[in-house]
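Each chain is listed here by its residues.
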Amino acid sequence: MALLIWQDNLNTGIEIIDGQHQRIVEMINQLHNAQVGGHGNVLVGEVLDELIDYTLSHFAFEEELMEEAGYPFHAAHKRVHDIFTKRVSEYRMRFQSGEDVTDELKGMLSRWLFNHIRSDDKAYAETVKQHLNHFARTHQEGGWLGRTLKRLFK
Ligand SMILES: [Fe+2]
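Residues numbered from 1 in each chain as written. Predicted model: local features only at pLDDT ≥ 70, side-chain atom pairs only at ≥ 80, totals over all residues. Heavy atoms only, no water.

### Considerations on the pattern of salt bridges
Our working rule: Salt bridge, as used here: a side-chain nitrogen of Lys or Arg that lies within 4 Å of a carboxyl oxygen of Asp or Glu. Only runs of H or I of at least four residues qualify as helices and only runs of E of at least two qualify as strands under DSSP, and these elements are numbered from the N terminus. Only protein chains enter the accessibility calculation, which uses a 1.4 Å probe; a residue is then buried when its area is under 20% of its type maximum, exposed when over 50%, and partly exposed in between.
For the structure on display, the rule yields nine salt bridges. A salt bridge links Glu 26 to Arg 23, with the shortest nitrogen-to-oxygen separation between them at 2.7 Å. Placement of the pair is Glu 26 and Arg 23 together in helix α1 (residues 15–36), with a separation of three residues, close to one helical turn. With relative accessibility at 43%, the residue Glu 26 sits in the partly exposed group. Each member of the salt-bridge network shares a partner with another, and the members are Arg 23, Glu 26 and Glu 50.

Okay, structure coming up:
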């Protein structure tokens, strides 16, 4: 059973961002399933690594998008990502040293992600949406957006 269920009020209205957020939610659910499925720590560790890597790529993408769009609070938003990234790396280190942190981590991730999307991410949505609309009208595919996605999500 899924731990987290996507709710409509999590949508920012930016398709590409909503897709990435949904993927993170899916990966938190996979982490939950790997843990309760009793497949052992190897699988949990793999899912955890994948989840962290994907989330970091998503953060980097969001940060570049905010900057590219000229969002005035992008530096503050990046600091929030950095603090979160530090917390997650601490969990990863505890996990690697054999501690069972999965329950704690799942709780922290789901609370943090939903709060962050509903407040911080929604705050940039308007500026970024306007920029992307403008961008779509004036640029061809393979421009900044295409290149950035290719670089961050290999
Ligand atoms: Fe964010």
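### With respect to the coordination of the iron ion
Note the following rule: Water is not among the atoms examined, so metal sites may look incomplete; donors are the N, O and S atoms within 2.8 Å of the metal, or within 3.2 Å for Na, K and Ca.
Within the protein, Glu 62 (OE), His 77 (NE2), His 81 (NE2), His 116 (NE2) and Asp 121 (OD) serve as the donor atoms for the iron ion, at 2.1 to 2.4 Å. Linear spacing of the donor residues for the iron ion on their chain is E-x14-H-x3-H-x34-H-x4-D. Residue His 77 is located in helix α3 (residues 74–96), and its partner His 116 is located in helix α4 (residues 102–138); the two are separated by 39 residues in the primary sequence. Take His 77 and His 116: they sit in the same class, and that class is buried.

### Remarks on the confidence of the model for the protein chain
Threshold: Per residue, pLDDT captures the predictor's confidence, and it can take any value from 0 to 100.
Chain-level pLDDT for the protein chain is 89 on average; 94% of the residues reach the 70-or-more range. Mean pLDDT per element in the protein chain: helix α5 (residues 144–152) is the minimum at 84, and α3 is the maximum at 93.

### Details of the nonpolar core
Basically, it comes down to this: Buried Ala, Val, Leu, Ile, Met, Phe, Trp, Tyr and Cys residues that are joined via side-chain atoms within 4.5 Å together make up what is termed a nonpolar core. Residues are treated as being in contact if the distance between any of their heavy atoms lies within 4.5 Å.
The biggest cluster of nonpolar side chains holds 27 residues, and the ones touching the most others in it are Leu 31, Leu 109 and Leu 113. Those elements that place two or more of their residues in this core are α1, α2 (41–69), α3 and α4. Not counting residues up to four positions away in its chain, the partners in contact with Leu 31 are Val 44, Val 47, Leu 48, Leu 51, Thr 102, Leu 105, Lys 106 and Leu 109. Within the second largest apolar cluster, 14 residues are counted, among which are Ile 14, Met 66, Leu 132 and Leu 152.

### Remarks on the packing of α2 against α5
We apply this condition: Helix axes are fitted to C-alpha atoms over the stretch in contact, other axes to C-alpha atoms as well, and angles between N-to-C directions run from 0 to 180 degrees. Roughly parallel covers angles under 35 degrees, roughly antiparallel covers those over 145, roughly perpendicular covers 65 to 115, and oblique covers all other angles. Left-handed describes a crossing whose near helix is turned anticlockwise from the far helix through less than a right angle; right-handed describes the clockwise counterpart.
One can describe the packing of α2 onto α5 by two numbers: an axis separation of 10 Å at closest approach and a directional angle of 160 degrees. Judged by the inter-axis angle, α2 sits roughly antiparallel to α5. The handedness of the crossing between α2 and α5 is right-handed. The residues of α5 that touch α2, namely those facing Ser 57, Ala 60, Phe 61, Glu 64, Leu 65 and Glu 68, are Trp 144, Leu 145, Thr 148, Leu 149, Arg 151 and Leu 152.

### Concerning the packing of α2 against α3
Operational definition: Gly falls in the polar group here, along with every residue not listed as nonpolar (Ala, Val, Leu, Ile, Met, Phe, Trp, Tyr, Cys, Pro) or charged (Asp, Glu, Lys, Arg).
α3 packs onto α2 with a crossing angle of 170 degrees between their chain directions and a minimal axis gap of 11 Å. As far as their axial angle goes, α3 and α2 are roughly antiparallel. Residue composition of the contact of α2 with α3, grouped by class: nine nonpolar, seven polar and seven charged.

### Observations regarding the side chain of Asp 121
Under the convention used in this document: A positive count includes Lys and Arg, and a negative count includes Asp and Glu. His and the chain ends are not counted in either.
Along the chain, Asp 121 falls in helix α4. We note that Asp 121 is buried and unpaired, the nearest opposite charge coming from Lys 122 at a distance of 10 Å. The residues touching Asp 121, leaving out its near neighbours within four places in the chain, are Thr 12, His 21, Glu 62, His 77 and His 116.

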